[in-house]
Amino acid sequence: MECAPSIARTRLILFSSISFSQSLVRIQPENFSTVYGFGGSGSFNNTEIVITGQDAMPPTGVPKLYLFNTNSSGITPNGTIDSPEANQNFGGAIDMTDDYLFAGANRNSTNATNGGAVYVYKKVDGIWQYLLKIQPTTQFENDYFGSNVKVHNNQLYITSFGYDENGDANVNNGAIYVFNQIEDTFSLQQIISGPSGNSGFGILLDIENDMMVTTSANSTDDFIHVFNGENSNWEL
């Protein structure tokens, strides 16, 4: 009975690149003994780090975003961010830039049960302030929109690993939604659907220059999908 809490209260260990030397840096939130699931997802940008966790043991714990600053002296806590909607918790991936923070909430049920959402925060005078919520116009049960989130070249990529264009909650081909960002405005550019009969499309996602790589699987095989970008769209 004593093992579960110690496993759940995971510390995040990073290799520090400060001064280009290899050294282990342990990140843990304030009141560490009461935080569970710490390190489920995280992102960093310049001198800022954001990591997910819960403020108490499940099922009573509430997911939060834990903020940290880095400098030559180390890593220090810099507060937390709560979900902007009551009873709709963070879950899924997070990503950040200098001015924007994107937090997945893939079990958000405001449109459909586990339809998902992504919360967008904007930095104003050095403080992260809630800006808006992104959701597809049409959602179905168990879409899990917000499972993965990536930012690249003024575009926002959001995975919906349970997506099925026909709305079947038992089919999870998956999809990647591509949004164009112009300052505080996000407009849908493209929906890239996963192969029929496969699952997990977009859960693993990486983008560099004009190449996007993701994966999917079926009952017998695993697949790697490579897309090329041209004029803001992506094609195999």
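Everything quoted here is computed from the prediction, not taken from an experiment. The numbers attached to residues start from 1 for each chain and follow its sequence in the written order. Where totals are concerned, whole chains, interfaces and linings use all residues; where local detail is concerned, this predicted model gives features only for residues with pLDDT of at least 70, and gives and counts side-chain atom pairs only at 80 or more. The side-chain figures draw on all heavy atoms in the structure; neither hydrogens nor water molecules are used.

## Here's the deal with the packing of aromatic side chains
Step number 1: Geometry of aromatic contacts follows a simple scheme: Phe, Tyr and Trp rings, the Trp one being its six-membered ring, pair when their centres are within 6.5 Å, and the pair is stacked under 30 degrees between planes, edge-to-face over 60, tilted otherwise. Under the definition given, this model contains 13 aromatic pairs.
Step number 2: Between Phe102 and Phe186, the aromatic rings sit 5.9 Å apart at their centres with planes inclined by 90°, giving edge-to-face as the arrangement. Of this pair, Phe102 sits in strand β8 (residues 100-105) while Phe186 sits in strand β14 (residues 185-193), and the two are 84 residues apart along the sequence.
Step number 3: Given a relative accessible area of 16%, Phe186 falls into the buried group.
Step number 4: For the pair Phe201 and Phe227, a centre-to-centre distance of 6.3 Å together with 75° between the ring planes defines the contact as edge-to-face. Of this pair, Phe201 sits in the loop between β14 and β15 (205-208) while Phe227 sits in strand β17 (residues 222-230), and the two are 26 residues apart along the sequence. Grouping residues by exposure puts Phe201 and Phe227 together as buried. Numbering of helices and strands runs from the N terminus, with a helix taken as a DSSP run of H or I at least four residues long and a strand as a DSSP run of E at least two residues long. To sort residues, take the accessible area from a 1.4 Å probe on protein chains only and compare it with the maximum for the residue type: under 20% means buried, over 50% means exposed, and anything in between is partly exposed.

## Topic: the side chain of Glu48
Step number 1: Mapping Glu48 onto the fold places it in strand β4 (residues 48-54).
Step number 2: Two residues qualify as a contact provided that any one of their heavy atoms is within 4.5 Å of a heavy atom in the partner residue. With residues up to four places along the chain from it excluded, the contact list for Glu48 reads Ser43, Phe68, Asn69, Met96, Lys123 and Trp128.

## Describing the nonpolar core
Buried together is how nonpolar side chains tend to be arranged in soluble globular proteins.
Step number 1: Phe102, Ile134, Leu156 and Phe179 are the most contacted members of the largest nonpolar core, which totals 15 residues.
Step number 2: Secondary-structure elements contributing two or more residues to this core are β8, β9 (117-124), β11 (145-152), β12 (155-160) and β13 (175-182).
Step number 3: Considering each element in turn, this core owes the most residues, three residues, to β13.
Step number 4: If we ignore the near neighbours within four places in the chain, the residues touching Phe179 are Ile134, Phe145, Asn154, Gln155, Leu156, Ile158, Phe186, Ser187, Leu188 and Gln189.
Step number 5: Core analysis: the next-biggest nonpolar cluster, separate from the first, contains 13 residues, Phe90, Ala103, Ala105 and Trp128 among them. We define a nonpolar core as any set of buried Ala, Val, Leu, Ile, Met, Phe, Trp, Tyr and Cys residues linked to one another through side-chain atoms lying within 4.5 Å.

## Focus: the pattern of salt bridges
Step number 1: Any carboxyl oxygen of Asp or Glu that lies within 4 Å of a side-chain nitrogen of Lys or Arg is treated as forming a salt bridge with it. Evaluation of the coordinates by the stated rule reveals four salt bridges.
Step number 2: Salt-bridge contacts for Asp82 lead to Lys64; the nearest nitrogen and oxygen are separated by 2.3 Å. Of this pair, Asp82 sits in the loop between β6 (74-81) and β7 (94-96) while Lys64 sits in strand β5 (residues 63-71), placing them 18 residues apart in sequence.
Step number 3: Asp82 gets classed as partly exposed once you look at its relative accessible area, which sits at 44%.

## Considering the sheet that holds strand β3 (residues 42-45)
Step number 1: Note on pairing: two strands pair once DSSP finds at least 2 bridges between them. With antiparallel pairing, four strands are arranged side by side in an open sheet as β3-β4-β5-β6. In the strand order of this sheet, the two ends are held by β3 and β6, each with one partner. This sheet shows a mean twist of 25° between the axes of neighbouring strands, independent of strand direction.
Step number 2: When β5 meets β6, the two strands line up antiparallel, connected through six bridges. The residue bridging Tyr66 from the neighbouring strand is Thr80, located in β6. In this analysis an axis means a line fitted to C-alpha atoms, helices contributing only their contacting stretch, and an angle means the value between N-to-C directions, from 0 to 180 degrees.

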